[in-house]
Amino acid sequence: MDSGTPKTARGRPDDNAFAYVAAQAIKEIARKRNESLSADVPKSVLSDFISLMFDADYVGDDAVAEVLDDEDITPEQTLDVLIPKVAEKLGTNWLTDQMSFARVTVVSARLQTLAWKFIEAYRDAVDQMLDAPRTLFIVPDGETHTLGGVLAMGAFARRGAEIISAMGMPDRELVELVRTGRFVLIAISAASSTDPKKVE
């Protein structure tokens, strides 16, 4: 019985077809998981979090973390729901000229600092593991969109991976790190890089 899976000339299943199906399945699982996490975050908490991050008199990441803890918001919800929601609002405000680039940059930096606060806790736990898989995350020099890369690092660290961050690292140092690092995965975040050769 033909399953409908594309075949190569030799009759083997097309690897690209399997990769596509796997990618779609992962996206669907991630979508349902994020919907579940979002449902557990009260709208009032999200609204308060946005206000805190946008406030001109920012109270600092330690104070924000305490507020979230008082509301029983987990680090996972902060990294996977709250911070992305604020980042989405930032993007919308920027595109609709409701916020200056300078202001967007300030709030993005706050989000990134807060994210690292939780990620470092995960990394400390991973440091106690003897067989944690080493993962290198590269954010090329000059890349302006770094928050997504940071959140991806958090997702891997939370799942027990040893995270090595190479953000804006000079090419020569990066090549040496890749050559000697014995990584099981090397990931590149280049959301705003328009020069393919630079990414390569």
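Computed from a prediction, not measured in an experiment: that's the story for all the values here. (Residues numbered from 1 in each chain as written. Predicted model: local features only at pLDDT ≥ 70, side-chain atom pairs only at ≥ 80, totals over all residues. Heavy atoms only, no water.)

(A) Molecular detail of the overall build of the chain. Along the backbone of the chain there are eight helices and three strands. Listing the helices and strands of the chain from first to last along the sequence gives α-α-α-α-α-β-α-β-α-β-α. Taking all 200 residues of the chain together, the buried fraction comes to 32%. Surface accessibility of the chain: about 12700 Å² in total, with carbon and sulfur atoms responsible for 54%. (Helix = DSSP H or I, 4+ residues; strand = E, 2+ residues; numbered from the N terminus. Buried < 20%, exposed > 50% of the residue type's maximum accessible area, 1.4 Å probe, protein only. Areas by Shrake-Rupley, 256 points an atom, 1.4 Å probe, with all protein chains shown as cover.)

(B) Expanded view of unusual backbone geometry. Unlike most non-glycine residues, Asp97 shows phi in positive territory, near 60°. By the secondary structure assignment, Asp97 is in the loop between α4 (75–95) and α5 (101–126). Among the residues examined, Asp97 registers a relative accessible area of 69% and is labelled exposed.

(C) Expanded view of the side chain of Thr78. When you line up the elements, Thr78 lands in helix α4. Judged by relative accessible area, Thr78 falls into the buried class, the value being 0%. Non-local contacts of Thr78, meaning those with residues more than four positions away in its chain, are made with Leu68, Ile73, Ile83, Pro84, Leu114 and Phe118. (Contact = heavy atoms within 4.5 Å.)

(D) Region of the structure containing the environment of Phe118. With respect to the secondary-structure elements, Phe118 resides in helix α5. Note on Phe118: relative accessible area 13%, which makes it buried. The spacing of Phe118 and Glu76 is 42 residues in sequence and 8.7 Å in space, taken between C-alpha atoms. Filtering out sequence-adjacent residues up to four positions away, Phe118 remains in contact with Ala65, Pro75, Thr78 and Leu79.

(E) Region of interest: helix α6 (residues 147–158). Between its first and last C-alpha, α6 extends 17 Å over twelve residues, near the 16 Å set by a 1.5 Å rise per residue. Turning to α6, its buried residues number three or more, namely Leu147, Gly149, Val150, Leu151, Met153, Gly154, Ala157 and Arg158. Taken from the residues just after α6, Gly160 is the one with a positive phi, measuring 95°. (Expected span 1.5 Å × (residues − 1).)

(F) Main features of the pattern of salt bridges. This structure, assessed with the given rule, holds five salt bridges. Its salt-bridge partner being Arg158, residue Asp80 comes within 2.8 Å of it at the nearest N-O pair. Separated by 78 residues along the polypeptide, Asp80 in helix α4 and Arg158 in helix α6 bring together distant segments of the chain. Across the pair, Arg158 and Asp80 agree in class, each one buried. The salt bridge involving Glu162 is made with Arg134; its shortest N-O contact spans 3.5 Å. With Glu162 in strand β2 (residues 162–167) and Arg134 in strand β1 (residues 134–139), this pair connects stretches of sequence that are 28 residues apart. Classification of Glu162 by relative accessible area gives partly exposed; the value is 25%. Looking at Arg134, the relative accessible area reads 28%, which means it is partly exposed. (Salt bridge = Lys/Arg side-chain N within 4 Å of Asp/Glu carboxyl O.)

(G) Quick look at the sheet that holds strand β3 (residues 185–188). Here we have three strands laid out as an open sheet, ordered β2-β1-β3, and parallel in their pairing. The open sheet terminates on both sides in strands that have one partner only, identified here as β2 and β3. Here the average twist between neighbouring strands, direction ignored, is 20°. In this sheet, β3 lies alongside β1 in parallel orientation, the contact comprising four bridges. For Phe137, the partnering residue across the bridge sits in β3 and is Ala187. With respect to the sheet, helix α7 (residues 171–180) is in contact with β1, β2 and β3, its orientation differing from that of β1 by roughly 160°. (Pairing = 2+ DSSP bridges. Axes fitted to C-alpha atoms, helices over the stretch in contact; angles between N-to-C directions.)

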